[in-house]
Each structure stands twice: as C-alpha cells, then as structure tokens.
Amino acid sequence: MDCPNELPVIDMLTFISDELLHTYRSSNDEQEKIRAITEFLRRLNEDISIAKLKSINVEFESDLDWFNVSGPISLKELQGKVIVLDFFTYCCINCMHVLQELHCLEEQFPIESGLLVIGVHSAKFDNERVTANIVSAVQRFGITHPIVNDSRSTMWRTIGLRCWPSLLVLSPTGTPMLLLMGEGHGKFLQEFAGAALSFFSQQGNIDYCCLPMQITTNCQPASNLRFPSKIARSPLGRYAIADSGNNRVLIVTSSGLVQHKIGGQQAGFVNGSLTTSRFNNPQGLAFVDEHALIIADTKNHALRKISLTTGKVETLAGTGVQGNERIGGRIGPLQPLSSPWDVAIFRTRDMDMSFHLDERNVPEKTIVLISMAGTHQIWGYFPEGIIWWKFRKFEPLCCVALIGNGLEENRNNSYPQNAAFAQPSGLAMANDVLYIADSESSSIRKTSMIDGKVMPVVGGDRNPLNLFAFGDVDGKLFNAKLQHPLGVTYNDASNRLYVADSYNHKIKVIDTDSNNISTLKITNQNKTDLIFNEPAGLCLDTNGQNLLVSDTNNHAIHIIDVATLIAKPFVLDFSQIASTCQTEAPKCLSKKYDDHAIKTLALNLIKTISIHFSLRLSPELNFTKEAPQKWILKTVSQSLKIYPSYGTLLNGMCNLQVQATHHEFSCVNNELFTIEFSLNLCRSNCCLIKRISVSIKCGKTIEEHIPIHNVNIHINQSNINLL
C-alpha cells in the first residue's frame, strides 16, 4: 500500500481507503472489484507500512447512554464481528441519507452473518447532546441498530474525524480497515462487507452470535400525531398537517375536525386513492387552492399532489430514489430529487408578452418552490410553461434548480446561482420575497422572486463557511443567534415572520422591516410557561390572530393567540372519518391498478425458492434511458420471508428469494405476495409512466422442490399479459 509510516492514523486510513476506492472504481467487472477488495484485506494483514493501525485502541467510554440494546456494548467483547461505526449527528441531511444505505447493508448482512452496525452519535449542536432528543431522533428515523450517545465526542476526537457522516469499518480483531466520508458509498460498502466476511470467515475469525437487541420505542395510539412537521392553511381556513411519523397527511377544519387521513402508518410510495396512497416521512406542504395541495414527500425524494376533488394522489416530480443532481430540468416524474423538505406556492406573470393584447391583464402562473435539503438548493416545479427570470424559458411540468450552487454554505449573493444554502428546511412566501429557514447555518434568509438575489435576515455568520455560528440570542442580523431553525410563516398584516427555532425549543418573531428577532414568551392557559420540544412547523389562521405550532417531539399541535401569547392544545377529532384499519395496505390490490394480473404457481416451499420476473415490452415501447425502473413488494404473507423487498430492474429483470418462516405453512390457494413495478417508458413521440402489479398465488403444493420459477410479463400500451 506504500503508505508513509509518519502519517497520522486518520490520514493513513484516509490514504489507503482512497487508494482502494480508486482501484475499485477502475475495475471493469464485479469479479475484478471483489478481487481488489480481497487483495486489500490480505495486504492489510501483511503490510508493515500500516502496522500503526493495529496499535489503535478504538473503544467506547464506559458511562455513555445506549439505545436499541439492553445494555452498554464494548468493542473488545465484539471481537469476531466486522463492525461498521457510523459517526453521525441527527440534524445532518447527509447522515439521514446514509441511514438508508446502512439499512440496505443490514438487510443483506444481519448480525448473525457476522456484521454489526453501531451508530456513534457525535453532536454538532448543543441540543443534540441531550439523550432524550436522540431517543426521539432514533424513533423518528426508524433506526434499529445499536446507537451510543458519545456526548463528549471522545471517540470522534481520538480517531481525528473531520466531517459528518463518517463510516469507520473495523476488522474482527478491532483494527480500523476503512474510512468512508460523506454519503453515496452504499453499493461499495455492501461489496466490501461481503468480501470481508468471506475473507475473515475462511480464517475462522467470524463470530455468528446474536446481540441482546432491545428496540427503543415510544408507541403512540394510531389516532395520535407522531412527530408532526409542517402545517399549511387553505384559502378558506382549513389546515393540512404533515403527520410525518405516521407517514400521512391530515386535512382538518379550523376547529380540529379531521376530514381526511391520506396515507397510512406503513411507509410507501404509492399513488391512487386517498386511503390506499402511501407516503414516506412527508414534511412540507402547501395548498394550491382550496381543494389541492402539494406535498414534499421527503424520504421518497418526491413531490406529490393531493386532489381533494378527485380523491387522488399523484407524483409530480421525483422517482422515489434519491438523486444528486444540482441542475435538473427533466419532466417531473423523470427528475430525481434529494430530500425535498418544504414547499411554497408563488404566482407570477409570464414574461412572454408576444401573445398578450393587454399587458395589464397578463394571467399569473403557478410555480411550486421546493427547499431541496439534500442538495442545499431551492428548486422549482412548473405546472405550466413560463418565461421568467432573464427571459429564461421553463417547459411545462419540468423540475429544475433555481437558487443555490449546491455547496453547503451560508453564502448570500446577488446572483442566484452563486448563492449557497446549508440544508434549507422551511419556506414562507411574502409577496415577491421567499423567506428560508436555513437550518445548518442556523439562519433565516430571504431571496427576491423578481431576480433571485439572496440576502441575510437574522442569524448565522458573515463568513459563509462558518456553519457553527449558532446560539440563542435575540437581536439584529448577524448579532442574533438561532439553533437549527426548521419552520417559518409570514403574517401579511403585520410584516412579521414567525420562526420555529427548533433546537432552542422556542418560537420567535422577526420584524422584517428592521431584521430584528425576539423570543415569544408563550404560556399555557394556567399561566405556566409552554415548553416546546423541537418545534418544526407553524402556520397562521386566516385572520393572522392565531398561530398553530407543531410541537414535534411532544407529538402535539398548539394554537397560540398572537396578541396574548396564551396557548391551548389544538385537539384533533377523528370521530367523523373511517377507522385507522381502513387506511392500512389493502389485502387485494386488483382494483387499485389499471394493470393488475395474478400468476398461479405450483410450489414447494420446504426450501428457499427463487422467483424470476422478466418484463418484455411491445415493439412500440422502450425503457427510458437513465430513468430508474423500480419495483417494490406491496403485500407479503406473514408466513413468508422475501428478499429483497424493493429494487430496480436490470435489463427488465429482478429476482426474489422466497422462504417460508415455518415448516407447517400451507400455501395452497393462498396469495403469497404482490409486487408493483413503476416503469418509465418511451414511445416514439412521448414518455409515460406505467405502474403495474402482479400477485403471486400458490395453486397447489408439489412434492418436487423446484428452485427457480419464472414469471414472464409482456407489456403493451393498454395492458399486460403473463406468459
């Protein structure tokens, strides 16, 4: 590996990791990549130039708080496991993205295989050092592997880490082997883990034992809110609430009567009716009019639309898979997005004056503004074609980056593409000004919708690279300090901007004329102080007299009189809508899809079988190049274990491993599972999205074990046929 021995350990580890990544990415095929990893592992044992790595004692302090396990863990006691240490801080969007990569890794390599993921929470913000807040984050993100609160960041400093997220992989003897910084290493990490488990297993060094897992939970009744996020108000005064932890959107009257529950507790990416559609951690929302609203479906990396008139949910933009583009411009459903966190509606006149006889009566067109937290930008979705800034033409239905260059900075600039944000998480429109809660710079900023100029309001620092200028100080511009604000809402009557200063657990207000912020002293009806816990969203009523606040970690909504600052609970009444069970995933999806088919197979499930799906298109259709062709399991019999549960088609094909969970299982005449395919297709003159589903039934049990079953699906423009 030719690594200079005088290098500090962190630099040595970075050097050999970068060298392996370069070799891996230069390899031509999968076998060559595996050989490169195996050779790396062999040299790791033998190369004296990196012997210093073996002298490092990576161990946790003894007095730390642990989650998802029954007691503290010692790395020394875990020898025999390949260990992935995920150094993260729960505010960080990149850390959230890595959690999904780790989830896929854990599905492929459970603890019994010899691999263990441990989250090492190393806080950026003071608020994140508090154990109770980490518990809420663990529940909110659905993390199931062990987590330790390294509140003093001792291990972080001992190793010499420099950024979130960082993944440190340890050998079965505890030697640091690999350091990966940032997100996007999921596939490489899976192949490295597989090669490492094989390599060390051949040496007899792998421990296949389980751990005493104990998932940290705090169950909420099905009708309750769970980590509510943003709130939006319709023109006539009803509200939409992003009930993020329950993966649903609630439509409620001004008195709290719930009119619609849209989505369900089970996360998913499903269009259709209000009861069968599915979201995944929706955060932001905004009404387009009284009967239509836009949803930032954050973990689905998608922009969704709910029509209360038709009772349908559709996807406007996003593929369901995280993107990393900084420019965009494709037609919505073909354009990958990255963790959209909030949305706002802006209306402006079309600058194409060529077809307007009367310039005084040019109709306004709608633009959906999106805080794209994952790429640190503001994007726009254009339902109609429009000519806008500097006479730039935006095609109908396109989704494109508007403001921010994609760097994570607190950079204000007169030119929108030269400005930079740091995880923008909240939006509020005020005439021609968009206010932005820029959470990782702990600041509130604004941008002109006339020319895209980005300007400071309060918080943060003059140095655009300083993302640690946080605190809890009222004042003006940069003298004021906030801590990871997530929500903003504007009062047109008073020119005041209300702010959810989330990690300070406070609601504050900005005089937008003077750029001065002050804390609101809010009390309960009994005159005691109201204690928030990471409030994430807020919204004013139609008169601007009452402020609704999502008290996220307290799973509650408060309504506050802005004149008296007295709060009372905003109680939700679910009595007039269907019970929760009616919003769960339907047992039969045959009526929910335009193209649904049932395939009956003769099976023997004594052993694991493979079911191979092959999709073939009629001559006039093609798979859209570069667009993902996705599939996901929608229903699965409780008596079966199927792996994987979702993925993308490779050359129109996917393979499932199906195993009965107990030997007594009888599959005769039972529906085993339903698989949904979301296809991006092209004809000669246009592109289209086609969603089909296939249910697999067991017709009879056979004595012979057939390891592979093929399901061939022929697709044309109007229907599907099983061959």
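To start, this report covers the structure provided alongside it. Values in this document were obtained by computation on a predicted structure and should not be read as measured data.

The nonpolar side chains of a soluble globular protein tend to be buried with one another. Ranked by internal contacts, the top residues of the largest apolar core, which has 61 residues, are Phe 60, Leu 75, Leu 85, Ile 118 and Phe 192. For this core, the leading source of residues is helix 6 (residues 186-202), giving 9 residues. Counting 33 residues, the second largest nonpolar core, distinct from the first, contains Leu 649, Val 658, Leu 672 and Ile 720.

Geometrically, the link from Trp 164 to Pro 165 is a cis peptide bond, its omega value of -15° lying close to zero. Note on placement: Pro 165 falls in the loop between helix 5 (154-159) and strand 5 (166-170). In the segment running from Tyr 643 into Pro 644, the intervening peptide bond is cis, with an omega of -10°. Here Pro 644 lies in the loop between strand 40 (640-643) and strand 41 (646-648).

On to helix 3 (residues 93-108). Along its 16 residues, helix 3 runs 24 Å from first to last C-alpha, staying within 8% of the 22 Å computed at 1.5 Å per residue. Within the span of helix 3, buried status applies to Ile 93, Asn 94, Cys 95, Met 96, His 97, Val 98, Leu 99, Glu 101, Leu 102 and Leu 105.

This part covers the pattern of salt bridges. Taken as a whole and judged by the stated rule, the model has 23 salt bridges. Ionic pairing is found between Arg 330 and Glu 325, a salt bridge with its closest N-O pair at 3.1 Å. The partly exposed category is assigned to Glu 325, whose relative accessible area is 22%.

Looking at where Gly 320 falls in the secondary structure, it is placed in the loop between strand 15 (312-317) and strand 16 (328-331). The spatial distance from the C-alpha of Gly 320 to the C-alpha of His 22 is 29 Å, given a sequence separation of 298 residues. Beyond its immediate sequence surroundings of up to four residues, Gly 320 is in contact with Phe 269, Asn 300, His 301 and Lys 630.

Let us look at the pairing of strand 7 (residues 228-233). Working note: regular strand, side chains alternate between the two faces of the sheet. The buried fraction of strand 7 is high, at 5 of 6 residues. Pairing geometry for strand 7 and strand 8 (residues 239-243), over 4 bridges, is antiparallel. Bridge pairing in strand 8 links Ile 231 to Ile 241.

With 17 residues, helix 2 (residues 30-46) extends 25 Å between its outermost C-alpha atoms, agreeing within 8% with the 24 Å of an ideal straight helix rising 1.5 Å per residue. Buried residues of helix 2: Lys 33, Ala 36, Ile 37, Phe 40, Leu 41 and Leu 44, and no others. Down the axis of helix 2, the sector holding all buried residues measures 135°, keeping them to one side. Away from the buried face of helix 2 by more than 90 degrees, exposed residues Gln 31, Arg 35 and Glu 46 are located. Contacts from the buried residues of helix 2 go to helix 1 (9-26), strand 6 (176-181) and helix 6.

Next up on the list: the sheet that holds strand 33 (residues 546-551). Paired through backbone hydrogen bonds, the strands of a sheet run either parallel or antiparallel to each other. Pairing in this open sheet of 4 strands is antiparallel, and the strands run 32-33-34-35 from one edge to the other. Whereas interior strands pair on both sides, the edge strands pair on one side only; in this sheet they are strand 32 (537-540) and strand 35 (567-569). Here the strands of the sheet are splayed against their neighbours by 25° on average, with no regard to which way each runs. Judged from the 3 bridges that link them, strand 34 (residues 556-561) and strand 35 form a sheet pairing that is antiparallel. Counted as the bridge partner of His 558 is Pro 569 from strand 35.

This part is about the pairing of strand 3 (residues 115-121). With 7 of 7 residues buried, strand 3 is to be regarded as a mostly interior element. Burial along strand 3 is two-sided: the residues Leu 115, Val 117, Gly 119 and His 121 and Leu 116, Ile 118 and Val 120 are all buried. As judged from the 7 bridges shared by strand 2 (residues 82-88) and strand 3, these two strands associate in the parallel manner. Residue Phe 87 lies in a different strand from strand 3, and its bridge partner there is Val 120. Between strand 2 and its parallel partner strand 3, the chain crosses via helix 3, and the hand of that crossover is right-handed. When strand 3 meets strand 4 (residues 147-149), the two strands line up parallel, connected through 3 bridges. Opposite Val 120, over in strand 4, you have Val 148 as the bridge partner. What joins strand 3 to strand 4 is helix 4 (residues 131-141), and the crossover it makes is right-handed.

We now examine the side chain of Asn 247. By secondary structure assignment, the location of Asn 247 is in the loop between strand 8 and strand 9 (248-252). The class of Asn 247 is buried, set by a relative accessible area of 8%. Setting aside chain neighbours within four positions, we find Asn 247 in contact with Ile 262, Gly 263, Gly 264, Gln 265, Gln 266, Ala 267, Phe 279, Asn 280, Asn 281 and Pro 282.

Okay, the packing of helix 2 against helix 6 next. Running from amino to carboxyl end, helix 2 crosses helix 6 at an angle of 55°, the nearest separation of the two axes being 9 Å. With respect to each other, helix 2 and helix 6 are oriented oblique. Our pair here, helix 2 against helix 6, has a crossing hand that is right-handed. In this structure, helix 2 contributes Glu 30, Lys 33, Ile 34, Ile 37, Thr 38, Phe 40, Leu 41, Arg 42 and Asn 45 to the contact, and helix 6 contributes Lys 187, Phe 188, Glu 191, Phe 192, Ala 195, Ala 196, Phe 199 and Phe 200. Each residue belonging to the contact of helix 2 with helix 6 can be placed in one class, and the counts come to 10 nonpolar, 2 polar and 5 charged.

Quick notes on the rules
- Residues numbered from 1 in each chain as written.
- Predicted model: local features only at pLDDT ≥ 70, side-chain atom pairs only at ≥ 80, totals over all residues.
- Heavy atoms only, no water.
- Core = buried A, V, L, I, M, F, W, Y, C linked by side-chain atoms within 4.5 Å.
- Buried < 20%, exposed > 50% of the residue type's maximum accessible area, 1.4 Å probe, protein only.
- Helix = DSSP H or I, 4+ residues; strand = E, 2+ residues; numbered from the N terminus.
- Expected span 1.5 Å × (residues − 1).
- Salt bridge = Lys/Arg side-chain N within 4 Å of Asp/Glu carboxyl O.
- Contact = heavy atoms within 4.5 Å.
- Pairing = 2+ DSSP bridges.
- Arc of directions from axis to C-beta.
- Axes fitted to C-alpha atoms, helices over the stretch in contact; angles between N-to-C directions.
- Right-handed = clockwise from strand over helix to strand, strands pointing away.
- Parallel < 35°, antiparallel > 145°, perpendicular 65-115°, else oblique.
- Left-handed = near helix turned anticlockwise from the far one by under 90°.
- Nonpolar A, V, L, I, M, F, W, Y, C, P; charged D, E, K, R; others polar.

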